[in-house]
Amino acid sequence: MDGLRQRFEHFLEQRNLATEALRALEAKTGVDKRYLATGAATLLSLYLLFGFGASLLCNIIGFVYPAYASIKAIESPSKEDDTVWLTYWVVYGLFGLAEFFSDLLLSWFPFYYAGKCAFLLFCMVPGPWNGAHMLYHRAIRPLFLKHHEAVDSVVRDLGGRALDVAVGITRDVLQTLARGRALVTPAAALGAEPQASVTQPQKDK
């Protein structure tokens with residue numbers, strides 16, 4: 001419990017969008033930012049359990065702030081924050097893929113969106129206990145290093161086949177257009193000849 005509290009305190013000392021908002025509220029209201037953060041987390045949890053649009057709110061939490069932080073990371077000269085948010089998006093993408101197949105079943109559970117939101121917050125929290133960093137290095141990276149050569153081979157094979165199919169379709173379309181043009185051109189020439197023969201000079205009376 002003390003470890004969790006220390007992590008919470010350390011998070012509040014970080015400089016990011018959430019902590020800056022808490023500091024501004026603390027300055028205006030005079031309420032300690034720890035109580036403000038606890039109250040906000042409690043209200044968020046209750047809304048995710050009983051409120052309307054919990055799915056939308058959960059997706060906004062998992063996307064908006066990471067997108068904002070990713071843009072800041074791109075614009076900063078350091079590459080360390082780029083790695084942090086690239087890792088988050090890898091985990092987020094795999095989680096979204098898994099959720100696509102399980103959402104219809106799991107969304108009926110009352111604590112589903114609260115748990116999903118907690119998981120996404122765990123994946124974006126700064127520090128050594130960052131969930132995305134832990135999942136990537138403990139699960140995703142070992143699988144990638146083990147199978148990436150086979151995956152690259154399959155991707156190259158599929159890419160070559162797709163290119164061959166695209167070239168074949170393009171060639172067939174061009175040949176069809178060329179045949180159609182060859183059929184239309186003689187017909188247009190034959191239609192123009194009678195018009196030329198109708199016009200004859202009139203004799204002088």
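Bear in mind that the values here come from a model prediction, so they are computed numbers and not experimental data.

J.: Give a detailed account of the overall build of the protein chain, specifying residues and quantitative values.
T.: On a plain count of helices and strands, the protein chain comes out with 7 helices and 0 strands. Along the protein chain, helices and strands appear, N-terminal first, in the series α-α-α-α-α-α-α. Relative to its 205 residues, the protein chain shows a buried fraction of 17%. Relative to all contacts within the protein chain whose residues are 6 or more apart in sequence, the contacts with residues 24 or more apart total 50%. In the form shown here, the protein chain has an accessible surface area of approximately 15700 Å², with 68% of it arising from carbon and sulfur atoms.

J.: Tell me about the environment of Met124, and name the residues and values.
T.: Relative to the helices and strands, Met124 is located in helix H6 (residues 112-124). Measuring from C-alpha to C-alpha, the distance between Met124 and Ala69 comes to 10.0 Å, with 55 residues separating the pair along the chain. Those residues in contact with Met124 that sit more than four places away from it in its chain are Ile61, Gly62, Tyr65, Pro66, Trp85, Tyr88 and Asn130.

J.: I'd like to hear about a nonpolar patch on the surface, residue by residue, with values.
T.: On the surface, Val90, Leu94, Leu97, Phe100 and Phe101 cluster together into a nonpolar patch covering about 550 Å² of accessible area. Tracing the backbone through its elements, the reader meets Val90 in helix H5 (residues 80-106). Overall, the relative accessible area of 34% leaves Val90 in the partly exposed class.

J.: Kindly report on the side chain of Ser70, identifying the contributing residues and their values.
T.: Tracing the backbone through its elements, the reader meets Ser70 in helix H4 (residues 54-75). When near neighbours in sequence (up to four residues on either side) are disregarded, Ser70 contacts Trp85 and Trp89.

J.: Explain H4 to me, using residue names and the numbers behind them.
T.: The end-to-end C-alpha distance of H4 is 32 Å, a good match for the 32 Å that 22 residues give at a rise of 1.5 Å each. At Ile60, H4 shows its maximal kink, close to 25 degrees. Listed as buried for H4 are Ala54, Cys58, Ile61, Gly62, Pro66, Ala69, Ser70 and Ala73.

J.: Explain the pattern of salt bridges residue by residue, including any values.
T.: Think of it this way: side chains of opposite charge can pair up when their charged atoms draw near. Tallying each qualifying case throughout the model produces 3 salt bridges. The partner of Lys116 in a salt bridge is Glu99, with the nearest N and O atoms 2.6 Å apart. Remark: Glu99 occurs in helix H5 and Lys116 occurs in helix H6; sequence separation between them is 17 residues. Neither residue differs from the other here; Lys116 and Glu99 are each classed as buried.

About the cut-offs
Residues numbered from 1 in each chain as written. Predicted model: local features only at pLDDT ≥ 70, side-chain atom pairs only at ≥ 80, totals over all residues. Heavy atoms only, no water. Helix = DSSP H or I, 4+ residues; strand = E, 2+ residues; numbered from the N terminus. Buried < 20%, exposed > 50% of the residue type's maximum accessible area, 1.4 Å probe, protein only. Contact = heavy atoms within 4.5 Å. Areas by Shrake-Rupley, 256 points an atom, 1.4 Å probe, with all protein chains shown as cover. Patch = residues over 30% accessible without salt bridge, like charges linked within 9 Å, V, L, I, M, F, W, Y side chains within 5 Å. Salt bridge = Lys/Arg side-chain N within 4 Å of Asp/Glu carboxyl O. Expected span 1.5 Å × (residues − 1). Bend = angle between axes of the 7 residues up to and from the residue.

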